[in-house]
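Per-entry structural report
Chain by chain, the residues:
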Amino acid sequence: MREKRDWQVQDRPLLEVKNLTKRFGGVVANHNVSLFVERGTIVGLIGPNGSGKTTLFNCIVGQYPIDEGEIWFEGEEISRYRTAHIARMGLMRTFQQTRIFGKMTCVENMLVSMSERRRRLTDLFTPGSRADRARALDLLQFVGLYSKRHHLAGSLSFGQQKLLEFAMALMSEPEMLLLDEPTAGINPTLINGLVDRLRRANAELGITLLVIEHNMRVIMNLAEYIYCLAHGEMLASGPPEEIRNDQRVIDAYLGAT
Amino acid sequence: MNRKMAQLLALAALFGIGLLGPWLAPSYISQFAQLWLFIVLALSWDIMGGQTGYNSFGNIIFFGIGMYVSAVAQVGLVWPVAEYTAAKGGGTEFVFNADQIHAGLALGIPLGGLVAMLAAIVLGALLLGMRGHYFAIATLGLAVATAELAAGWDYIGAGSGMVTPTLPGDMNGPVLFYYLSLGLAIVTILVFAWVYSTRFRLAINAIRDDEDKAEALGHHTTRNKMTAWAISALFTGMAGAIYGNLSGFIDPHDIAFNAEIGVWMILMAILGGKGTLWGPIIGAIVFFISKELFWTYLLGWQRVALGLLIVIIVVFFPEGIMGWVRERWPHLFAPPHLDDEEDDETPAGADEDKEAAHA
Amino acid sequence: MQNLQLLLQAPVFNIQLLLDGMFIGAVFALAALGMALVWGVMNIINVSQGEFVMLGGFIALMVAEAGFSPLLGIPLAALVLFALGWGLYKGVIWRIVEADMFTSLLATFGISIMLQQLMNEVFGADVRTAESGLGVWFLFDGMVTVTQIKVLAFILSFVIGLALWLFLKNARLGQAIRATAQNARAARILGIDTDKVYAATYAINAALCGAAGALVVMAWSIHPYMGLPYTLRSFMIVIVAGLGNLAAVISAGLGLGMAEQFAGFILGAEFQLAFVFLLLVAVLVGRQIALARKRQYLK
């Protein structure tokens, strides 16, 4: 298990948030938050409701401007870039309330999610190559939506839309995915299958994951390192077993701060 | 019969009627030429308004630009433009022979389209970083501003307009412009059919359906919007170029930047059904025929009717004729897995996703 | 550009332009207040805003032509427009309150064309004005003229704006409007009849425009096609000032009025409108650039 390192070390982690502060008017949503995620790992982000997890995600992927601090991704300071630019660098997020294109079929949703990185405008004026289509079907297969491939995405159930959104994110070949509560709203009997897929995406496709999750069993099982936010500040961080037994984390969740 | 075949048949029928038009109804040839141009205008508006979700009130700008650029090019090939416009079309002095007319059109129409496209790229760079309704209102202002500016520019005849080159007596103007219009309409429909078969349609539909998500996926949304508007402007500009010649006279307020035609573009697309290939075509045909039939009986009130029509269509029939057809005969629009092409390559273990079916 | 030199050589002309700009700017602000209200509460950008102003003008004109003082036209125009606004809401607008903004944009655009052409058919396309019967003040040895009706228009715009502010702050209906603007669903749950609130909001907006129009016909002039520039001016003011900031709306209105007067004088009156529209584009682009630095979009 890794240790906190000196920030000056040359080979920087894939994602590095340094002393980030984000205010909404007088409310401090994130205060002096720092975290880092090494390439190829799965890291968890937990914290009670309103502790600033989703805000942190929004700051990282370019949805909100930040007030103080730095965000580094692949050796580049990205805290002034906007969402699309950051997404093209390979850092993407899924939404807590899923966002899919309801009027398109699942396959079309996949084809529209192909990465725009290293592609030119003229590439859009093709129906999508045979290989792209095959990969779209493979990924739909991977999340278990193959038989629904020609259904309108809007006709899927919430859980299926969530899986589709995950597949769309994979389709765009990200370096790193930020997942906002991937198991929320999914039938409990299917959670194990989903966790397994997250792990396979990490191991087989080499995608680094940062996961917000409320389901403790899932996150302790999935992540190899966990950060815990409370009241917008970084409360604790460490390997799952350490976090599980951390009195401050337990207090935060029971509201006894 | 699958859908592709049906579309091809419909297209062939449309073009067949178009080719035979001058023989079937020789006295309405100019009106039919207008109809073809209106189909082009409606289709061009729809790629922004219907497919991308960006309602442009300013496409009339490209129509007018195409018209003026073409006229200036046509004249400029032969005569000094400033003197020509100063002479108000020049009566006997500025004559054109058939070769000059043909060369002028061959240069003017594409050039009109290209300059309009350039204008769309410049305006798009300014305006398309902002979201829908800001864009819509900005184009509303720009359309009027352009007309005002054109009306103040002496080179193109300012407020009194300019005359397009007069054809020599032995040329049949109406037939020439009819076939030019028909040709442009055919090319436009085919190009749009092709564009909508590519991933570009998905990319602009994504902007229409959820622009934030398109951003989150890393799309170059502004660039895609600009591309769509540029395509739109290219064809609108060429239609304007032909329309100017068809009318024979260009005036900034009443013809080139005519706000009414700007409204018709929108109305035709919505009437037929936004965001489809056939909607704007059908909308243009229905609108044009009813306009020709009823417009004259309204005696000045037709513009009031135009406003009322917009309100009624937008509020009560926002899906247009195509939407109504879709509701009436849904099987025509069933998801394409009924006539599938790629299902043979079913990956192994496809039944694994049964579990997801319950999710 | 000769006029620019004139301004530098005879500074007193600047005062004339500044005053004229202030007077008309106050009326712009009045229409903009209405637009901000409807935009903020109902999420509708009312494209027929300028046509409401135009209608108010024609009502005052009719009052004047019937032999009464056109000043009477101010309350009457407000009243008639209130009724019209309520009627339009009950007939059309209620169907599109919940729809996306494009639908309302197009629908109110249709209404605007309808009203515009209707008035063109009824009154003709001529430029009209109503004589208020008030006098003129001459300042600086007659170098600067101030018609009293413009001063009255200026003051009344302020009074009406202030009355609206007090109404929104204190009156029961005003509080309901503000609650609905903040969260329509919550307001509904708390027993507020949001349908009535919307109708009132739209009607109040129309009444504000009507009063503004009555002032315009007396102090300046009207014609059936004047609407669009007023709509766009309101829009521009609201973008600059934001929703729900009275002082900002008024200062943006005054600023626009003055900018327009100077532009019209320097570039020539025929380019004054083109200037307004191009200024709108400049404002939008400027806002967009400012927002991009905050990772936001103009939406």
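Residues numbered from 1 in each chain as written. Chains lettered and ligands numbered in written order. Predicted model: local features only at pLDDT ≥ 70, side-chain atom pairs only at ≥ 80, totals over all residues. Heavy atoms only, no water.

**Remarks on the overall build of chain C**
Summing up its helical and strand segments, chain C has 12 helices and two strands in all. Viewed in the frame of its principal axes, chain C has a C-alpha envelope of about 65 × 55 × 40 Å. The buried share of chain C, taken over its 299 residues, is 57%. Partitioning the contacts of chain C with sequence separation of at least 6, the portion at a separation of at least 24 is 75%. Element-wise, carbon and sulfur atoms account for 65% of the exposed surface of chain C, whose accessible area totals about 12300 Å². In chain C, 16 positive and 13 negative side-chain charges are present, and the distance between their average locations comes to 19 Å. (Helix = DSSP H or I, 4+ residues; strand = E, 2+ residues; numbered from the N terminus. Buried < 20%, exposed > 50% of the residue type's maximum accessible area, 1.4 Å probe, protein only. Contact = heavy atoms within 4.5 Å. Areas by Shrake-Rupley, 256 points an atom, 1.4 Å probe, with all protein chains shown as cover. Lys, Arg positive; Asp, Glu negative; His and termini not counted. Charge placed at Lys NZ, Arg CZ, Asp CG, Glu CD.)

**A short note on the overall build of chain A**
Tallying secondary structure elements over chain A gives 10 helices and 10 strands in all. In terms of overall size, chain A behaves like a compact globule, its C-alpha atoms giving a radius of gyration of 18 Å where 257 residues would be expected to give roughly 18 Å. In terms of its C-alpha atoms, chain A occupies a principal-axis envelope of roughly 55 × 40 × 40 Å. By the burial criterion, 58% of the 257 residues in chain A qualify as buried. When the accessible surface of chain A is totalled, it reaches about 10600 Å², and 48% of it is carbon and sulfur. Across chain A, the 31 positively charged side chains and the 30 negatively charged ones have centroids separated by 7 Å. (Rg over C-alpha atoms; globule rule 2.2 N^0.38 Å.)

**Some thoughts on the pairing of strand β1 (residues 15-24) of chain A**
Residue and element names in this part refer to chain A. Within β1, seven of the 10 residues are buried, leaving the element largely enclosed by the surrounding structure. Pairing between β1 and strand β4 (residues 68-73): five bridges, direction antiparallel. In the sheet register, Lys 18 faces β4, and the bridge partner there is Glu 70. Examined bridge by bridge, β1 and strand β2 (residues 27-37) share seven bridges and lie antiparallel to one another. (Pairing = 2+ DSSP bridges.)

**What about helix α5 (residues 130-143) of chain A?**
Here α5(A) is 14 residues long and its end C-alpha atoms lie 20 Å apart, about the 20 Å a rise of 1.5 Å per residue gives. Among the residues trailing α5(A), A:Gly144 stands out with phi positive, at a value near 85°. (Expected span 1.5 Å × (residues − 1).)

**Focus on the interface of chain A and chain C**
For an interface, size is often stated in terms of accessible area lost upon the parts coming together. Chain A puts 12 residues into the contact, and the matching count from chain C is six residues. Carbon and sulfur atoms supply 41% of the area that chain A and chain C bury against each other, a total of about 670 Å² over both sides. Per-residue buried area on chain A facing chain C is highest for A:Pro65, A:Arg80 and A:Arg82; these three make up 73% of the total on that side. In this assembly, chain A and chain C are joined by zero salt bridges. Where chain A packs against chain C, one counts zero residue pairs in polar contact (both at pLDDT 80 or more). (Buried area = accessible area lost by both parts, 1.4 Å probe. Salt bridge = Lys/Arg side-chain N within 4 Å of Asp/Glu carboxyl O. Polar contact = N/O pair within 3.5 Å; in protein donor to acceptor, adjacent residues only side chain to side chain.)

**Here we look at the packing of aromatic side chains**
Taken as a whole, this structure holds 31 aromatic pairs over all chains when the rule is applied. Taken together, B:Phe38, B:Trp264, B:Phe287 and B:Phe288 form an aromatic cluster joined through their ring pairs. One cation-aromatic arrangement involves B:Arg328 over B:Trp329; the distance from NZ or CZ to the ring centre is 4.9 Å. Sitting above the plane of the C:Tyr230 ring, C:Arg233 keeps its charged end 5.0 Å from the centroid. (Phe/Tyr/Trp six-rings, centres within 6.5 Å; stacked < 30°, edge-to-face > 60°. Lys NZ or Arg CZ within 6 Å of the ring centre and 35° of its normal.)

**With respect to the packing of helix α8 (residues 199-209) of chain B against helix α10 (residues 221-247) of chain B**
All names here are of chain B. Following both chains from N to C, one finds α8 and α10 inclined at 110°, their axes separated by 10 Å at the closest point. Classed by the angle they form, the pair α8 and α10 counts as roughly perpendicular. The way α8 lies across α10 gives a crossing that is left-handed. On α10, the residues touching Phe 200, Ala 203, Ile 204 and Ile 207 of α8 are Thr 221, Asn 224, Lys 225, Thr 227, Ala 228 and Ile 231. For the contact of α8 with α10, the residue count by class is six nonpolar, three polar and one charged. (Axes fitted to C-alpha atoms, helices over the stretch in contact; angles between N-to-C directions. Parallel < 35°, antiparallel > 145°, perpendicular 65-115°, else oblique. Left-handed = near helix turned anticlockwise from the far one by under 90°. Nonpolar A, V, L, I, M, F, W, Y, C, P; charged D, E, K, R; others polar.)

**Topic: the domain arrangement of chain A**
All names here are of chain A. The domain architecture assigned to chain A consists of domain 1 (13-90 + 174-257) and domain 2 (99-173). Between the C-alpha centres of domain 1 and domain 2 there is a distance of 25 Å. At the junction of the two partners, domain 1 supplies 20 residues and domain 2 supplies 14 residues. Taken over both partners, the interface formed by domain 1 and domain 2 buries close to 1300 Å², and the fraction arising from carbon and sulfur atoms is 71%. Ranking the residues of domain 1 by area buried against domain 2 places Arg 88, Pro 174 and Arg 197 at the top, with a combined share of 39%. In this assembly, domain 1 and domain 2 are joined by three residue pairs in polar contact (both at pLDDT 80 or more). For the side of domain 1 that touches domain 2, the elements supplying multiple residues, two or more each, are α2 (83-89), β7 (176-180) and α7 (188-204). The element contributing the most residues to the side of domain 1 that touches domain 2 is α7, with five residues. Of the residues assigned to the side of domain 1 that touches domain 2, the class counts are 12 nonpolar, two polar and six charged. (Domains from an automatic or database assignment.)

**Overview of the nonpolar core**
In a soluble, globular protein the nonpolar side chains are often hidden away together inside. Counting residues in hydrophobic clusters, the biggest one holds 222 residues, and the most contacted among them are B:Phe62, B:Met162, C:Met42, C:Ile93, C:Phe109, C:Phe235 and C:Leu284. Examining the composition of this core, we find that 19 residues originate from one element, helix α2 (residues 12-42) of chain C, more than from any other. Ignoring any residue separated from it by four or fewer positions in sequence, one finds B:Met162 in contact with B:Tyr68, B:Ala71, B:Val72, B:Val75, B:Tyr84, B:Thr85, B:Ile156, B:Phe249 and B:Ile250. Counting 57 residues, the second largest nonpolar core, distinct from the first, contains A:Met92, A:Leu194, A:Val211 and A:Ala236. (Core = buried A, V, L, I, M, F, W, Y, C linked by side-chain atoms within 4.5 Å.)

**A few points about the pattern of salt bridges**
This model, assessed by the stated rule, comprises 25 salt bridges over all chains. In this structure, B:Lys213 and A:Glu165 form a salt bridge, with 3.2 Å as the shortest nitrogen-oxygen distance. With B:Lys213 in helix α9 (residues 211-216) and A:Glu165 in helix α6 (residues 158-171), the pair connects residues from two separate chains. With its nearest N and O atoms 2.7 Å apart, the salt bridge here joins C:Glu260 to C:Arg233.

**Brief notes about helix α7 (residues 173-195) of chain B**
Residue and element names in this part refer to chain B. With 23 residues, α7 should cover 33 Å at 1.5 Å per step; its first-to-last C-alpha distance of 32 Å lies within 8% of that length. What α7 keeps buried is the set Gly 173, Phe 177, Tyr 178, Ser 181, Leu 182, Leu 184, Ala 185, Thr 188, Ile 189, Phe 192 and Val 195. Tucked inside the fold, the buried residues of α7 contact α1 (3-24), α2 (29-52), α5 (98-127), α8, α10 and α13 (278-294).

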